[in-house]
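Working through the structure, step by step
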Amino acid sequence: MIRPFELAAVALALGLGILGARMLDAGLLFLACEVLTLFIMAQMWNLLAGYGGQVSLGHQVFVGIGVYALFLTANATTLPLWLVLAGVPFAVALAAIPLGMVMFHLKAAYFAVGMWVVAEIVQQIAYKMPFVRGTAGLVLRPGGQSIQGYPEQIVFVIALVAAVGLMVALRVFLRTRAGLATLALRDNEGAARAAGVNVQRLHLILFCVTAGGCAGAGALYYITTLYVTPNDAFQLNWIVAMMVVTVIGGTGTLAGPVLGVAILIGLREGMTAAGFSGDQYWIVMGLLSVAVLLVSPRGLWPTLAGIFRKG
Amino acid sequence: MIDVLFQGLTLGALYGLIGAGLALNFGILRVVNLAHGEFITLGAFMAVGLVAGQAALPLPLVLAGAFAGAALLGALMQAAFVERAMAFRDPMVAMLVTFGLAVMIRNGLLETLGANLRGLDVGGLAQARVDFGGQSFGLLPLVTLGIAAAAFTLLAALIFRTRFGREVRAVSDRPDIAAMMGIRVARVHALVAALSAGLAALAGVLLAMRASVSPFSGVAHLLIAFEVVVLGGIGRIRGVLVAGLFLGLVQVIAQRFDANAGMLYVHLTFFLALVLRALTGRLA
Amino acid sequence: MLRLEGIGAFYGQARALDGVSLAVEAGQSHALVGANGAGKSTLLRLLSGLMPDWRGAIVLDGRPYDPRHAAARGVALVPEGRLLFDSLSVEENILIGQRGRPGPWSLQALFALFPILSEKRRARPADLSGGQQQMVAIARALATNPAVLLCDEIALGLAPKVVDEVYAALAQVRAQGLAVLLVDQDIARACKESVQVTCLLKGRISHQGPAHGVTAHSLRAAYFGVAA
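Okay, so let's go over this structure.

**Some remarks on the pairing of strand E3 (residues 29-34) of chain C**
Residue and element names in this part refer to chain C. By the criterion of burial, E3 is predominantly enclosed, with six of the six residues buried. When E3 meets strand E8 (residues 179-183), the two strands line up parallel, connected through four bridges. Bridge pairing in E8 links histidine 30 to leucine 181. Bridge count for E3 against strand E9 (residues 196-201) is five bridges, and the pairing is parallel. Bridging from a neighbouring strand, leucine 32 pairs with threonine 198 of E9.

Below is the structure:
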């Protein structure tokens, strides 16, 4: 079960979140929200790809669905925004069940690109829906009212607690029976199957959990921007970022995405400050992920951890 | 009606062509090359560049130039990066490497050329028409169809009739035994990657003569190529062609009813086929 | 023709061969016998360049031999389980072996050795009987015009009459001056075909000597590693 220091970590996150929300300026808060939501998405991708062995190139679809589920529900009803936000991951996870059951008929690379096709379909259908308002975009107006004040203060607290809580929850999960089955699946799918792990069901659970997680993180992120278009919510860059963060940081390790997000955002801020363009930044990230894959295919974290252990 | 059919077949032949390149790569190297769409864009832009530099350049030379340029880059990419990634036990590593390379190429194109749409100006060819059996056909689609048909025939001949094709199939079946017999496997892989990239570039040039392309077109074309391969089957050149023609027809017919649907109906058709196959349990 | 000195081989940390020395002469067969896991297939794989991690010295034709250049130096393997190219026809499978090394084994010569393959030249391996598949595997190896032929369980799963046919072909091959290293479960059969015999036990040589008159019974101590 949950250990005392893990509980303490969540409590500490809550405290630091409240403190940070009061102390940090708007720009830093915005950056912190982005870092934290991106971390949650990458950890989700890692859970499915790194632990479950199912590489998806279409998880940006859940980001987009999460955002629109939040914006449309909050705008059309008088439900409190944060209550709607809490409901988004669960609704999207449930909706992902039938999709998962169809997509799991595709194996490996077929599944990966098949998910990408799904993301394209959903994005283009979203364009055609009148209530999404296409390229004109949608403004977040909960219950028809404009948001007052700075939502990123609350988003920051939620995101920090969610990110730390996710790490704790995954640690706890990996100690349970289902968690041990997941680890067995990561290390050797055939052996896990032979040992009686219901791989199909586990894949479906991981698929739905990661769908819900990406949806929640996406919804959270766009509360700070208050505005969304399908082009933005469903953009390929979400999945590129999830993949790059995990691959560079370390697939199949909990700490990998932490390291990955630090590198991704650190490099971006550094390169932007040094006057490099966004395209140049992505060229470097692409090169970096290729280099890491070729030198250390499980990512930097396992390699670094190995050096520390030896040293 | 005949016009729609004709247009669908022309577009479908191009879809088949880009699918054939991807299928070749997947069938022989067992790697889904996610940079395949980028080679299509690259081919189109190389042609645009060639025509901009030398307006009087005849079409065959433009095609050959784009083919050669993409093939060279494809071979280099395979030899320098993908081949090494293929040594790892997990086949997903090689696919993710191609994804990283695709991100690099796409953003490289954006950086050098910007996000603008570009078309390939083919002068009088675009308007020229020929009458055939009381029906008037555009010359450009006819030329496109002819080139695609020639490319398919040559590809089939290369794979099934030549010594190189024999070695390619042997490497695909059993790379270790092929290496033992003295076939240089990495070299065959690089040549296959070159051929695949070259075919993509060829299709890219022909696509750019029909409609404009931008650095963002690569993704859409990659997905089309993927759908063609899944529906047509790997290692079945004829299946790939038929799947390409089918999706091309879907695209053109859908466009009649909904002009700005993009590739939505093509993707939807593919997804429905997938659901159907999933329900009947008939899946690769 | 081919001489091995103190060969060791490793699968990761596990030692599969240790201090194996033997010689195969032109026009002769050398039988390699031993229980499952004794290292016979490992030795043949090593000589074909399929084992990257090995020690020792190998001399072929008086010059040092690097297994990575097996095909060019004239060492060919008929692998256990045949491992044919499934999407190539019989004729194409054989043609894969022709890579410019001069020698007597043209397509015509191989069809003369195995006339049935000439009839089946357009067929796929999957449509052939086990014996015919074995003939394709031998023909494919011979097409490289090797000086040394490595045969791994070429009789496994074949009817006795077909085994006789295969070994009769092998005798013709030896008559052309090829050196043959032969692995067969059937010790008596392997020794009947051979001049020398080497028995392996857990990666080491447990018996080496003339093959004449050697039977499973006379070899059982070396084979099982217990006092007779």
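**A word on the interface of chain C and chain B**
Contact residues are listed per partner, giving 19 residues for chain C and 15 residues for chain B. When the area that chain C buries against chain B is broken down by residue, the three leading residues are Phe85, Ile96 and Arg99 of chain C, summing to 33%. For arginine 169 of chain B, the salt bridge goes to glutamate 92 of chain C, with nearest N and O atoms at 2.7 Å. Per element, the largest residue contribution to the side of chain C that touches chain B is four residues, and it comes from helix H3 (residues 90-97) of chain C. Tallied by class, residues from the side of chain C that touches chain B come to 10 nonpolar, five polar and four charged.

**Considerations on the packing of helix H13 (residues 278-295) of chain A against helix H4 (residues 92-113) of chain B**
Relative to each other, H13 of chain A and H4 of chain B sit at 160°, their axes nearing to 8 Å. The orientation of H13 of chain A relative to H4 of chain B falls into the category roughly antiparallel. Pair H13 of chain A / H4 of chain B crosses with left-handed handedness. Side by side, H13 of chain A and H4 of chain B meet where Asp279, Gln280, Trp282, Ile283, Gly286, Leu287, Ser289, Val290, Leu293 and Leu294 of chain A of the first sit next to Val93, Leu96, Val97, Gly100, Leu101, Val103, Met104, Asn107, Gly108, Leu110 and Glu111 of chain B of the second. Partitioned by chemical class, the residues of the contact of H13 of chain A with H4 of chain B number 13 nonpolar, six polar and two charged.

**Overview of the packing of helix H2 (residues 36-53) of chain B against helix H9 (residues 217-232) of chain B**
Helix packing for two helices is described by the angle between their axes and how far apart those axes are. Residue and element names in this part refer to chain B. Viewed as axis vectors pointing N to C, H2 and H9 meet at an angle of 125°, and their least axial separation amounts to 7 Å. If you check the angle between H2 and H9, you find them oblique. Handedness of the crossing formed by H2 with H9: right-handed. Of the residues in H9, those touching H2 at His36, Gly37, Glu38, Ile40 and Thr41 are Ser217, Gly218, His221, Leu222 and Ala225. When grouped by side-chain class, the residues that make up the contact of H2 with H9 number three nonpolar, six polar and one charged.

**Comments concerning the nonpolar core**
Among the nonpolar cores identified, the biggest contains 231 residues, and Phe62 and Met103 of chain A are the most heavily contacted of them. Every residue in contact with methionine 103 of chain A, bar those within four places of it in the chain, is listed here: Phe111, Gly114, Met115 and Val118 of chain A together with Phe271 and Leu274 of chain B. Listed in part, the 49 residues of the second largest apolar core include Val33, Trp105, Phe111 and Tyr167 of chain C.

**Considerations on the pattern of salt bridges**
Residues and elements named next belong to chain C. Scanning the entire structure with this criterion turns up 22 salt bridges over all chains. Across the salt bridge formed by aspartate 53 and arginine 55, the nearest N and O atoms sit 3.6 Å from each other. Exposure remark for aspartate 53: the relative accessible area of 31% places this residue in the partly exposed category. Residue arginine 55 is classed as partly exposed on the basis of its relative accessible area, which comes to 48%. A salt bridge links lysine 161 to glutamate 165; the nearest nitrogen and oxygen atoms lie 3.7 Å apart. Of this pair, lysine 161 and glutamate 165 both sit in helix H7 (residues 160-175), separated by four residues, roughly a single helical turn. Each of Asp164, Arg174, Arg189 and Glu193 takes part in salt bridges that share partners, so that together they form one network.

What counts, and at which threshold
Residues numbered from 1 in each chain as written. Chains lettered and ligands numbered in written order. Predicted model: local features only at pLDDT ≥ 70, side-chain atom pairs only at ≥ 80, totals over all residues. Heavy atoms only, no water. Buried < 20%, exposed > 50% of the residue type's maximum accessible area, 1.4 Å probe, protein only. Helix = DSSP H or I, 4+ residues; strand = E, 2+ residues; numbered from the N terminus. Pairing = 2+ DSSP bridges. Contact = heavy atoms within 4.5 Å. Buried area = accessible area lost by both parts, 1.4 Å probe. Salt bridge = Lys/Arg side-chain N within 4 Å of Asp/Glu carboxyl O. Nonpolar A, V, L, I, M, F, W, Y, C, P; charged D, E, K, R; others polar. Axes fitted to C-alpha atoms, helices over the stretch in contact; angles between N-to-C directions. Parallel < 35°, antiparallel > 145°, perpendicular 65-115°, else oblique. Left-handed = near helix turned anticlockwise from the far one by under 90°. Core = buried A, V, L, I, M, F, W, Y, C linked by side-chain atoms within 4.5 Å.

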